[in-house]
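Residue strings, one per chain:
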Amino acid sequence: MSESSAEAVAEAVAAAATATASGVAGGWRRATGIAGAAIGVLAAGAAAGVAVERFTVGRGIRRKARLALDSAGPYGALRGTPGKACADDGTELYYEVDDVRPDMVPAPRRRRLFGRRHPAPVTVVFSHGYCLNQDSWHFQRAALRGVVRTVHWDQRSHGRSARGRAQVEDGVPLTIEQLGRDLKAVIDAAAPEGPIVLVGHSMGGMTVMALADQYPELISERVVGVALVGTSSGRLGEVNFGLPVAGVTMVRRVLPGVLRALGQRAELVEKGRRATADLFAGIIKRYSFASRDVDPAVARFAERMIESTPIDVVAEFYPAFDDHDKTGALAHFRDIPVLVLAGIDDLVTPSEHSEAIADLLPEAELVLVPDAGHLVMLEHPDVVTDRLADLLVRVGAVPAGATVGGHGSSTSSTARRG
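Reading guide: rules and limits
Residues numbered from 1 in each chain as written. Predicted model: local features only at pLDDT ≥ 70, side-chain atom pairs only at ≥ 80, totals over all residues. Heavy atoms only, no water. Helix = DSSP H or I, 4+ residues; strand = E, 2+ residues; numbered from the N terminus. Buried < 20%, exposed > 50% of the residue type's maximum accessible area, 1.4 Å probe, protein only. Contact = heavy atoms within 4.5 Å. Phe/Tyr/Trp six-rings, centres within 6.5 Å; stacked < 30°, edge-to-face > 60°.

Focus: the side chain of Q178
So, step 1. Following the sequence through the fold, Q178 ends up in helix α7 (residues 176-190).
So, step 2. On the accessibility criterion, Q178 (7% relative accessible area) is buried.
So, step 3. Excluding its chain neighbours within four sequence positions, the residues that come into contact with Q178 are D88 and R156.

Shown next as structure tokens:
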């Protein structure tokens with residue numbers, strides 16, 4: 001897309017924000033359409049393909065295709081023992097625990113134990129990204145199920161967790177620091193003792209960094225390994241999302257206002273999202289995956305997770321990313337094994353951000369996955385699972401003789417290690 005057309009679309013976004021703020025019903029409907037189309041074209045470059053599909057495939061057929069994919073794909077169906085943690089502002093945080101199955105893990109060699117007869121097992125805690133939920137780790141959860149104790153939780157206002165009380169009741173801005181405290185509450189409830197491995201994708205990785213920044217003693221005393229997937233330690237305001245310079249400038253100028261305005265009319269916006277589902281499906285695919293041969297059921301699974309995040313939550317979380325800077329917190333990971341993994345074609349948190357993290361952690365393993373976008377753990381699950389399993393073996397969380405399967409490869413891929 002040319003810079004001139006990017007400017008034109010961004011001007012339309014600005015107009016949408018103005019019309020939305022007016023609160024006039026007719027203007028609102030027009031604003032919703034303009035905002036949806038403008039953000040879609042500007043952000044994705046995928047609207048042309050969607051438009052062609054609209055002309056050639058009827059809406060009813062497209063809807064039936066989505067329903068068929070929903071019923072055919074088993075993704076997100078894994079469930080564990082449920083639990084709830086209470087955040088410092090009273091928000092209920094939902095988590096699930098998958099415990100070890102003795103029949104799936106080889107018996108360890110006999111050895112003399114000092115202190116406890118049976119030490120607490122290693123617990124792997126998975127933190128998901130923005131507009132996703134715990135099911136985004138479906139493939140890794142399936143592969144590790146029964147082999148190692150795992151905790152999967154939904155960040156506040158996502159998935160099955162409650163809306164953030166401080167945000168809804170008191171109007172407190174959402175911060176990444178708050179998410180770090182939420183993770184601490186989940187650990188206290190679901191893994192109060194024993195060694196821990198922290199795994200975070202995108203916003204989940206930022207959450208892990210915020211935990212380290214606020215609770216360094218927890219990292220030094222209990223954390224034995226960390227995996228940071230498709231994430232960033234800061235400078236997210238410089239990300240161009242694959243857009244031309246003019247488009248980036250305009251989006252940064254108007255998008256926060258548009259999101260705030262849309263968040264204030266959440267009910268109407270949700271109706272608009274359903275009406276423009278095809279357009280947003282193209283956007284989601286563009287920003288989630290880089291491969292052309294992603295399983296349609298996997299793409300639809302990602303679409304469902306993102307669609308399920310209310311627009312007011314999208315608006316609520318967005319400003320926190322510009323303020324995110326946890327570069328200093330990475331120092332707390334220097335003495336433990338760390339895996340840093342990213343898709344080379346990630347447009348949301350570019351792989352250069354992962355390389356910057358690895359530069360500050362010289363002993364970390366850096367894995368850059370070709371032909372992979374932001375949802376690399378869904379797009380190339382075998383690569384992510386393989387590297388994660390290797391980390392768990394290195395830290396003693398999984399015996400070297402345990403079998404960790406791939407449990408579903410949506411594409412074929414290879415990885416480059418830095």
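Digging into unusual backbone geometry
So, step 1. Despite not being glycine, C131 has its phi angle at roughly 65°, a positive value.
So, step 2. With respect to the helices, strands and loops of the structure, C131 is situated in the loop between β3 (123-127) and α5 (138-144).
So, step 3. Residue classification places C131 among the buried positions, given a relative accessible area of 9%.
So, step 4. Positive phi is not limited to glycine here, since S157 has a value of about 70°.
So, step 5. Summarising the element assignment, S157 is placed in the loop between β4 (149-153) and α6 (165-170).

Side note on the packing of aromatic side chains
So, step 1. Within the structure shown, the criterion is met by five aromatic pairs.
So, step 2. Where Y75 meets F301, the ring centres are 5.8 Å apart and the plane angle is 35°; that geometry is what we call tilted. Placement of the pair is Y75 in the loop between α4 (59-72) and β1 (81-86) and F301 in helix α13 (residues 296-307), with a sequence separation of 226 residues. Pair check on accessibility: Y75 and F301 agree, each one buried.
So, step 3. An angle of 25° between the planes, with centres 6.5 Å apart, marks the rings of Y130 and F317 as stacked. With Y130 in the loop between β3 and α5 and F317 in helix α14 (residues 311-323), the pair connects residues that are 187 residues apart, well separated along the chain.
So, step 4. F317 sits in the buried class, given a relative accessible area of 1%.
So, step 5. Members of the aromatic cluster, connected to one another through ring pairs, are Y75, F139 and F301.

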